[in-house]
Amino acid sequence: MELPKIFIIFANMNKIKNIKVIAFDADDTLWDCQSHFEEVEKEYAALLEPWGMPNEVSAALFSTESDNMPLLGYGCKAFTISLVENAISFSHGEIKAGFIDRIVQLGKSLLKLKATPLPGVTFTLQQLADSKLYKLVLFTKGELLDQQNKLNRSGLAKYFDDVVIVSDKTSEEYTKLCHNNGINIKELLMVGNSFRSDIEPVLKLGGYAAHIPFKVEWKHEAMKAYSHEHLVTINNISELINILQPE
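Residues numbered from 1 in each chain as written. Predicted model: local features only at pLDDT ≥ 70, side-chain atom pairs only at ≥ 80, totals over all residues. Heavy atoms only, no water.

A few points about helix α6 (residues 144–154)
Residues spaced three or four apart along an α-helix point in a common direction, a consequence of the helix completing one turn every 3.6 residues. Taken together, the buried positions of α6 are Asp-146, Gln-147, Lys-150, Leu-151 and Ser-154. Buried positions in α6, seen along its axis, are confined to an arc of 130° and lie on one side of it. Buried residues along α6 sit in contact with α3 (76–90), β3 (135–141) and β4 (162–166). Backbone geometry just after α6 places Gly-155 at a positive phi near 80°. (Buried < 20%, exposed > 50% of the residue type's maximum accessible area, 1.4 Å probe, protein only. Helix = DSSP H or I, 4+ residues; strand = E, 2+ residues; numbered from the N terminus. Arc of directions from axis to C-beta. Contact = heavy atoms within 4.5 Å.)

Section: the packing of aromatic side chains
This structure, assessed with the given rule, holds five aromatic pairs. Measuring from centroid to centroid gives 6.0 Å for Phe-24 and Phe-160, while their planes differ by 70°, and the two rings are edge-to-face. Here Phe-24 is found in strand β2 (residues 21–24), whereas its partner Phe-160 is found in the loop between α6 and β4, with 136 residues between them in sequence. Taken individually, Phe-24 and Phe-160 each receive the classification buried, so the pair is uniform in this respect. Geometrically, the ring pair formed by Phe-139 and Tyr-174 is tilted, given 5.0 Å between the ring centres and 55° between the ring planes. In this pair, Phe-139 sits in strand β3 while Tyr-174 sits in helix α7 (residues 171–180), placing the two residues 35 residues apart along the sequence. Assessed through its relative accessible area of 0%, Tyr-174 is described here as buried. The aromatic ring of Tyr-74 is capped on one face by Lys-141, whose charged end is 3.9 Å from the ring centroid. (Phe/Tyr/Trp six-rings, centres within 6.5 Å; stacked < 30°, edge-to-face > 60°. Lys NZ or Arg CZ within 6 Å of the ring centre and 35° of its normal.)

Quick look at the packing of helix α1 (residues 34–47) against α3
Look at α1 against α3: their axes get within 12 Å of each other, and the N-to-C directions meet at 15°. As summarised for this structure, α1 and α3 are arranged roughly parallel, according to the angle between their axes. In the packing of α1 onto α3, the handedness of the crossing is right-handed. Every residue of α3 that contacts α1 at Phe-37, Val-40 and Tyr-44 is listed here: Cys-76, Phe-79, Ser-82, Leu-83, Asn-86 and Ala-87. When the residues that make up the contact of α1 with α3 are grouped by side-chain class, the tally is seven nonpolar, two polar and no charged. (Axes fitted to C-alpha atoms, helices over the stretch in contact; angles between N-to-C directions. Parallel < 35°, antiparallel > 145°, perpendicular 65-115°, else oblique. Left-handed = near helix turned anticlockwise from the far one by under 90°. Nonpolar A, V, L, I, M, F, W, Y, C, P; charged D, E, K, R; others polar.)

Here it is in structure tokens:
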């Protein structure tokens, strides 16, 4: 059994009560994802060095991704298309086919991430699943096949009662999540690393959230965190066991 590296008992922390469904984000909450994207971006910037500095490449890529997001959404495939499109634009059409092929291979490498569970994840999910006190749902956004494959490679699928993959985590999707599970929003606890996608929408609806900041953050998810009576911020997912109080 995996043991968490951080397992702190908070004697004075307010307990979260009356939760029936715990929803978990996937990337950078259950396994490392963003750091791999950043490594690919570094290699990508090196390939485009003849046409500009790394910071210029990154800024142009961010703009291209932002423009493509309404049409392509999130995930490795959308990212790869943006890599190619930006390379052509940034190089003013000068980039050769061999470079484009290398860029495509960089993007495809992200589809093969090991998705190794972060410290404390397997232990915590097993404890919560064994308790039979909560319905556990993987609630994540991105490309369907990619997210399904990462979940399968992680070995964590057996702990979840349901898996929901959406194109974006909107208020409507959180409301639908509650409806499909027969609960009201105050019976939902959302666990994730992104304040923008995992935390704020749930708080605004009246639900509960556990924020676990990750070591790196995608620029598109950047948002200043704030305190809230329905929010706890923790260092490790294993701390969930100490803040949940069953009915």
